[in-house]
Amino acid sequence: MKPRYLTKSRFKLALDCPTKLFYTSKDIYKNQSETDSFLEGLAQGGFQVEELARMYYPEGMAILGNDWNYNLLAQKTTDLLQQENVVIFEAAFLFEGLFIRVDILEKKGNQINLIEVKAKSISSDNHQSFFNKNGTLSGGWTPYLYDIAFQKHVMQLCFPKWEINPFLNLVDKDATATVDGLNQFFKVDTSSENRTGIIKKEGITKADLGDSILTTISVQEEVDYILTHNPHDDSKSFAELIAYFLEAYKTDMKIKNTIGSHCKTCEFYSEDISKTIKSGFHECWQEQLQVSHKTINKPKTYDVWYNPASKAMDEGRFFMNQLTEDDLNIKPEAGKLSRSERQWLQIEKEINQDPTPFIDVENLRQELNAWKFPLNFIDFETTAVAIPFLKNLHPYEQLAFQFSHHIVYEDGRVEHVNEYLNTEIGEFPNFNFIRALKTALSANTGSIFRYHNHENTIVNVIYKQLSQSNEPDKNELMEFIKSISHSTNSSSEIWCGDRDMIDLQRTIVNYYFHPITGGSNSIKAILPAVLYSSTFLQKKYSKTVQAINVTSKNFNNDHVFLKMENGSVVSPYKNLPPIFDGFDYETLEEAAEHASKSVPEIADGGAALFAYGKLQFPDVTKEEREAINQGLLRYCELDTLAMVMIYEYFKDITKQ
């Protein structure tokens, strides 16, 4: 057997669930490909931030290549450390089975600055500590702090006389870019020899970067607390915990970890079980519960919407059909499903194996009757990146570059009437975006629909940007925004417009539930449910665009939105070509969704985040640029058409 090393990535995995150490070196259990990991890193912006951080150390030397030859990497590092003063990128340290690489190491004699770079943002103006008021570590930062504590521990073992000062180098949400095109200095390229996959623009210097958008924060106190108290497991010292994980990994010992809610995001879960692929998730559950693979596939307690019965898992009730009304504090609300009623509805249908949808027809009908024709359905595509594309923008400041607009008339006609797309390099799209939206929505006085909170959040962002601008029509545009939205909690003003956008997702939450959604109310879950249920939609959208009462700006007259395979509905999104060669829409969406768990600022980015970022680089060919733009237009149009389909389903089932 090849020697095994406890790396910082494996250490972080073990902190989450030590059982996972058993699976990390076994390809038959792996479920997440390197491509998925790369895309997540790209979506987070971590690779670009790492390269940006290194630019502030122009004297730094990088240790590149031979990523799996740990002894060679450690020797190269030792050679460089012979210098009294040196800055090393990707410095490697190897000590009796422990291996780490450090983002940035700054050595001045025996004084060592250990700098871990993260794309996570923080307010440098307001930050004081990563400790809570009760003395515990802030939960959202704990994984990062344990990461750097592990690095310091290994480095100290290698060089006991060093004085190691740990720092987190983070994106500063209070900073603004002082140069244009900062993001474009760091191009993502899978052919790059760098581990980060980033190629820096040739010839750029520290001076070209303008004022820094990063902030370096000492975590000495927090790291010392971890090293001395080990709050993750106070039955072991930090050194004992590491030794325990290392021994388990080296000897192939599977550490039994109690199953529970943390299993929901298991990296070793796989539905596609074959002779060569195994699911570590299923093995854990089978070993601890002594039940069949089929039983394990049943809906879990944590699958209930908002997980209201998490304590049930502590009591050994892991499956939804083991829950009772006593597990929920059910509180009815007049005229709609309350959250607790909806949660119990999901549980009850699982217990009774009832596959039928629930529809509050009467209250849904009243809701629909209150809407004013023509009905306007809109969807935005936006991006928020760690390193701004343009001068004067904050890290993760939202750019709104695309919208789609469908209208449903009272006679049932459906028209794709407006769209906007601006992916031009170096252009700030938000103000022209809102002007185009104003023109589109001012053409009638009908109700306006969004899906969930994103659109309302974005127009609030643009409202603030306008208030700080010198745009000649800023007041007119700000009044328009106030007319179609309501203020968010972060706003200094309070308003609710006469045409405040109606949240179609809220309509679903209040009056509709289908078991096949698994409790999710995302449009990706609701659309297949209504298509599965509705013979009206199946009949209408299985015909060509030309044959139905729908217009389109991006689909040919012979395009069919809805197809059937083996008697089942195929999602309209699956009929579209990928936005990029090699990466389909769903892969990009999932990568962005996973990435947003670490970087919540990109939560609504999706595939458009990748597309817009790619198009900001001038070396994209005219043909590729046009193809990506056309892909964006098709997907955004389908997003608003999906909202129309949901409305049409509701209209059909509530007709008298």
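One can find the structure itself at the top, above this paragraph.
Residues numbered from 1 in each chain as written. Predicted model: local features only at pLDDT ≥ 70, side-chain atom pairs only at ≥ 80, totals over all residues. Heavy atoms only, no water.

(A) Quick look at the overall build of the protein chain. Each helix and strand counted, the protein chain has 21 helices and 18 strands in total. Computed over C-alpha atoms, the radius of gyration of the protein chain comes to 27 Å, within 12% of the 26 Å expected from 2.2 N^0.38 for 656 residues, which places it in the range of a compact globule. Referenced to the eigenvectors of the C-alpha coordinate spread, the extents of the protein chain come out at roughly 80 × 65 × 50 Å. Here the protein chain, with 656 residues, has 53% of them falling under the buried criterion. Residue pairs at least 24 apart in sequence account for 68% of intrachain contacts in the protein chain once pairs closer than 6 positions are excluded. (Helix = DSSP H or I, 4+ residues; strand = E, 2+ residues; numbered from the N terminus. Rg over C-alpha atoms; globule rule 2.2 N^0.38 Å. Buried < 20%, exposed > 50% of the residue type's maximum accessible area, 1.4 Å probe, protein only. Contact = heavy atoms within 4.5 Å.)

(B) Structural detail: the environment of Phe130. Here Phe130 lies in the loop between strand E5 (111-122) and helix H5 (142-158). For the pair Phe130 and Leu227, spaced 97 residues apart in sequence, the C-alpha to C-alpha distance is 15 Å. In this structure, Phe130 is in contact with Ile122, Thr136, Leu137, Ser138, Trp141, Leu145, Leu168, Leu170, Ile217, Val219 and Glu222, ignoring residues within four places of it in sequence.

(C) The nonpolar core, seen in detail. Counting residues in each nonpolar core, the largest one holds 62 residues, and the members touching the most others are Tyr541, Ile579 and Ile646. Ranked by the residues each element gives to this core, the list is headed by helix H21 (residues 622-654), at 13 residues. When neighbours within four sequence positions are excluded, Tyr541 is seen to be in contact with Ile548, Val550, Val560, Phe561, Leu562, Leu641, Val644, Met645 and Glu648. If you look at the next biggest cluster of nonpolar residues, it comprises 51 residues, including Phe11, Leu21, Ile242 and Ala248. (Core = buried A, V, L, I, M, F, W, Y, C linked by side-chain atoms within 4.5 Å.)

(D) Spotlight on the packing of aromatic side chains. For the structure shown, the criterion picks out 39 aromatic pairs. Residues Trp371 and Tyr647 carry aromatic rings whose centres are separated by 6.2 Å and whose planes lie at 40° to one another, so their mutual orientation is tilted. A residue pair is termed long-range when its members are at least 10 positions apart, and Trp371 in the loop between helix H12 (361-369) and strand E11 (375-383) and Tyr647 in helix H21 qualify at 276 residues. The pair Trp371 / Tyr647 is uniform in exposure class, with both members buried. (Phe/Tyr/Trp six-rings, centres within 6.5 Å; stacked < 30°, edge-to-face > 60°.)

(E) Quick peek at the environment of Ser568. With respect to the secondary-structure elements, Ser568 resides in strand E18 (residues 568-570). For Ser568, a relative accessible area of 43% puts it in the partly exposed group. Considered as a pair, Ser568 and Leu531 are 37 residues apart in the sequence and their alpha carbons are 9.7 Å apart.

(F) Local environment of the pattern of salt bridges. This structure, assessed with the given rule, holds 34 salt bridges. Between Asp233 and Lys236 there is a salt bridge whose closest N-O contact spans 3.5 Å. For Lys236, a relative accessible area of 24% gives the class partly exposed. One continuous salt-bridge network, built from bridges that share partners, spans Glu50, Glu51, Arg54, Asp67, Glu90 and Arg101. (Salt bridge = Lys/Arg side-chain N within 4 Å of Asp/Glu carboxyl O.)

(G) How the structure looks around the sheet that holds E11. Strands sit in the order E13-E12-E11-E14-E15 across an open sheet of five strands; the sheet is mixed. Each edge of the sheet is formed by a strand with only one pairing partner; in this case those strands are strand E13 (414-421) and strand E15 (502-503). Pairing of E11 with strand E14 (residues 448-450), which is carried by two bridges, proceeds in the parallel orientation. What sits directly across from Asn376, in E14, is Ile448. Sheet contacts for H21: E11, strand E12 (399-408), E13 and E14; angle to E12, the most-contacted strand, approximately 40°. (Pairing = 2+ DSSP bridges. Axes fitted to C-alpha atoms, helices over the stretch in contact; angles between N-to-C directions.)

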